[in-house]
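# Observations on chain architecture
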Amino acid sequence: MKIKVLLLALLACLMISGATFASEVLVSMNDNLLVDNDWVVVESGVAYGLLSEFTTRLGHELLWYEDSKLAVVKVGEDYISFQVATDLVIVNNQDHRIENETVLIEGRTYVPLEALKTYFGVDVVYDEKLGHVSLKHEAITLKAKEIKKVVFTEDDVYLLAKIVEIEARGGT
């Protein structure tokens, strides 16, 4: 719990200090802030995960069928298919519906984060207020170059200490 509070406080400091990022959301994988925020995008208030990034890292085979705009993921003996521009997911020839549609952005297939959780076991927490997505999966590892190093000034650390002190007292 303390790690989560510290991470959120650090992210708040970054936002206060005027740091900018290429994407509209900050993305953490297994408690590490990512350099490349293409893993997750937000469109019309819905957070989506880049299907190819997750399937590759989880060791699954991904097939793309251009004519039908269908992304098929082979997970062991199972097949999970995502139809672009629909909320349809087909698992071993059984139709399922998800809350939001699968989308194609700049030629890349993105699925709603709920689908990553449901079909691939990725733990997802999306904090819309902070603009932060926290993802966790024990099988996904990161290289050092994929992790954003966060450098804080003395003023940032002082501000963080004040925030923690106020929160500890139950203030706002």
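Preceding block: the structure.
Since the structure is predicted, the reported quantities are computational estimates derived from the model, not experimental observations.

All right, on to the overall build of the protein chain then. A tally of regular secondary structure across the protein chain gives four helices and 13 strands. Each of the 172 residues in the protein chain was classed as buried or not, and the buried ones make up 37%. Of the contacts made within the protein chain by residues no fewer than 6 positions apart, 47% connect residues no fewer than 24 positions apart. Put simply, the protein chain shows about 10400 Å² of open surface, and 53% of that area lies on carbon and sulfur atoms.

This brings us to the nonpolar core. Among the nonpolar cores identified, the biggest contains 29 residues, and Trp39, Val40, Phe82, Tyr119, Phe120 and Leu135 are the most heavily contacted of them. For this core, the leading source of residues is helix α3 (residues 113-120), giving five residues. Core analysis: the next-biggest nonpolar cluster, separate from the first, contains seven residues, Val41, Leu50, Val103 and Ile105 among them.

A separate point is α3. When α3 is considered as a whole, its buried residues turn out to be Leu113, Ala115, Leu116, Tyr119 and Phe120. Projection of α3 onto a plane perpendicular to its axis shows the buried side chains occupying an angular sector of 155°, all on one side.

What follows covers the pattern of salt bridges. Following the criterion strictly, the structure yields eight salt bridges and no others. In this structure, the salt-bridge partner of Asp31 is Lys136, at a minimum N-O distance of 3.4 Å. Separated by 105 residues along the polypeptide, Asp31 in the loop between β1 (26-29) and β2 (32-33) and Lys136 in strand β13 (residues 132-136) bring together distant segments of the chain. The partly exposed category is assigned to Lys136, whose relative accessible area is 28%. Note that Arg169 is salt-bridged to Glu165, the shortest N-O span being 2.0 Å. Among the residues examined, Glu165 registers a relative accessible area of 34% and is labelled partly exposed.

Whether parallel or antiparallel, the strands of a sheet pair through hydrogen bonds between backbone atoms. If you walk across this open sheet you meet the five strands as β5-β6-β7-β8-β9, and the pairing is antiparallel. Looking at the sheet topology across the chains shown, the edges are occupied by β5 (61-65) and β9 (94-97). Each strand axis lies, on average, 25° off the axis of its neighbour in the sheet, ignoring direction. Of the strand pairs in this sheet, strand β6 (residues 70-75) and strand β7 (residues 78-83) are connected by six bridges, and their pairing is antiparallel.

Right, let's talk about unusual backbone geometry for a bit. In the Ramachandran plot, Asn92 falls in the positive-phi region, its phi being about 50° despite a non-glycine side chain. Mapped onto the elements of the fold, Asn92 is located in the loop between β8 (88-91) and β9. The backbone of Glu106 sits at a positive phi, close to 50°, despite the residue not being glycine. Position of Glu106 relative to the elements: it lies in the loop between β10 (103-105) and β11 (108-112).

About the thresholds
Residues numbered from 1 in each chain as written. Predicted model: local features only at pLDDT ≥ 70, side-chain atom pairs only at ≥ 80, totals over all residues. Heavy atoms only, no water. Helix = DSSP H or I, 4+ residues; strand = E, 2+ residues; numbered from the N terminus. Buried < 20%, exposed > 50% of the residue type's maximum accessible area, 1.4 Å probe, protein only. Contact = heavy atoms within 4.5 Å. Areas by Shrake-Rupley, 256 points an atom, 1.4 Å probe, with all protein chains shown as cover. Core = buried A, V, L, I, M, F, W, Y, C linked by side-chain atoms within 4.5 Å. Arc of directions from axis to C-beta. Salt bridge = Lys/Arg side-chain N within 4 Å of Asp/Glu carboxyl O. Pairing = 2+ DSSP bridges. Axes fitted to C-alpha atoms, helices over the stretch in contact; angles between N-to-C directions.

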